[in-house]
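# Inside the fold
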Amino acid sequence: MYKGFYNLTSSMLTHQRNLDVVGNNLVNISTAGFKQSRYTATTFDDVIYNKVGNRQKIYQEIGRQSYIRANSEIYVSHDQGIPEPTEIPLDFCIVGEGFFAVQSDNGVVYTRAGSFTLDEEGFLCFPGLGRVLDPQGQTIQLGTDKIYADDRGNIYTENHEQLGQVGVYVFEDPQQLEFNEQGVFTGAGAVADPNTQVLWKYLERSNTDMIQQMTEMLTCQRALQSAAQVSKMYDELMTKATTDVGRM
């Protein structure tokens, strides 16, 4: 009698979670190096079996039902964002796979955002997070922003003296990385790839498709509103049925 509430509640929860993901994608559409996410749901593993039996206790399955859907996984799209020139000497952009590595207070984290700066001691750093690492896992001390860099991330002074190299780290399966509240990735198994192309004075734009995300948002909003409205009607119907049965 009340099975419909399971389906309606499941629908509302699913679309609300999807809206949260889509909203986060749209909010970060101007964030350098941001990778859009996609919400997926699956049928809840616990299912209800209806069976009939006999005196010999031999049961035969006659049906299988699942009333709700549950969060399956949030996939992150690691497609390349568009490189955008900035003319800022401490901006870098990775072309292809890989991440910049940053030594934070909680360990090494990874990001595609190459908008770096210098800290008080002249080390190349990611603002508010930590110092950038080279392919050997060491910090990079520049001391000045009067630099130039080649297409492999090697950094030189104006007098052609090499100061270091921006490290690019790759993973066998980037989907295994976790995206934390600081907007960076964490995970194990990083391998330095010193041959990845790195553009100097460029930043990678977010790979969020605004039109696609807006369409997804409108679709989810309408589905959520419809489920809420039907749930209200279903509640009124159940109330009326219960009242009438009670009178009888």
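First, a word on scope: everything that follows refers to the structure included in this document.

Quick notes on the rules
- Residues numbered from 1 in each chain as written.
- Predicted model: local features only at pLDDT ≥ 70, side-chain atom pairs only at ≥ 80, totals over all residues.
- Heavy atoms only, no water.
- Pairing = 2+ DSSP bridges.
- Helix = DSSP H or I, 4+ residues; strand = E, 2+ residues; numbered from the N terminus.
- Buried < 20%, exposed > 50% of the residue type's maximum accessible area, 1.4 Å probe, protein only.
- Polar contact = N/O pair within 3.5 Å; in protein donor to acceptor, adjacent residues only side chain to side chain.
- Salt bridge = Lys/Arg side-chain N within 4 Å of Asp/Glu carboxyl O.
- Lys, Arg positive; Asp, Glu negative; His and termini not counted.
- Contact = heavy atoms within 4.5 Å.

This part covers the pairing of strand S14 (residues 162–165). Two elements, strand S13 (residues 154–157) and S14, share 3 bridges in a ladder whose sense is antiparallel. Note that in S14 the partner of Asn154 across the bridge is Gln165. The turn joining S13 and S14, which pair antiparallel and follow one another in sequence, is formed by 4 residues; a positive phi near 70° is taken by His160.

Here the focus is unusual backbone geometry. In this structure, Glu87 takes a positive phi of about 65° despite not being glycine. You can see Glu87 is positioned in the loop between strand S5 (83–85) and strand S6 (92–95). Assessed through its relative accessible area of 57%, Glu87 is described here as exposed. Phi at His160 is positive, roughly 70°, even though this residue is not glycine. Within the element layout of this structure, His160 appears in the loop between S13 and S14. The class for His160 is exposed, based on a relative accessible area of 60%.

Between the C-alpha atom of His160 and that of Ile147, which follows or precedes it by 13 residues, the distance is 8.9 Å. Only 2.9 Å separates the side chain of His160 from the side chain of Tyr148, close enough to count as a polar contact.

Considering all chains together, one arrives at 5 salt bridges under this definition. Across the pair Glu204 and Arg112 runs a salt bridge, and its minimum N-O distance is 2.9 Å. Within this pair, whereas Glu204 is found in strand S20 (residues 202–204), its partner Arg112 is found in the loop between strand S8 (107–111) and strand S9 (117–118), the two being separated by 92 residues in sequence. Note on Glu204: relative accessible area 1%, which makes it buried.

Where strand S7 (residues 99–104) lies against S8, 5 bridges are found, and the strand directions are antiparallel. Within S8, the residue paired with Phe100 across the bridge is Thr111. Counted along the chain from S7 to the antiparallel partner S8, the turn is 2 residues long.

In this fold, Asp134 is placed in the loop between strand S11 (130–132) and strand S12 (147–149). Look at Asp134: it is buried, it has no salt bridge, and the nearest opposite charge is Arg131 at 12 Å. A polar contact is formed between the side chain of Asp134 and the backbone nitrogen of Gln136, at a distance of 2.9 Å. Other than its neighbours up to four places away in sequence, Asp134 contacts Ile140, Gln165, Gly167 and Tyr169.

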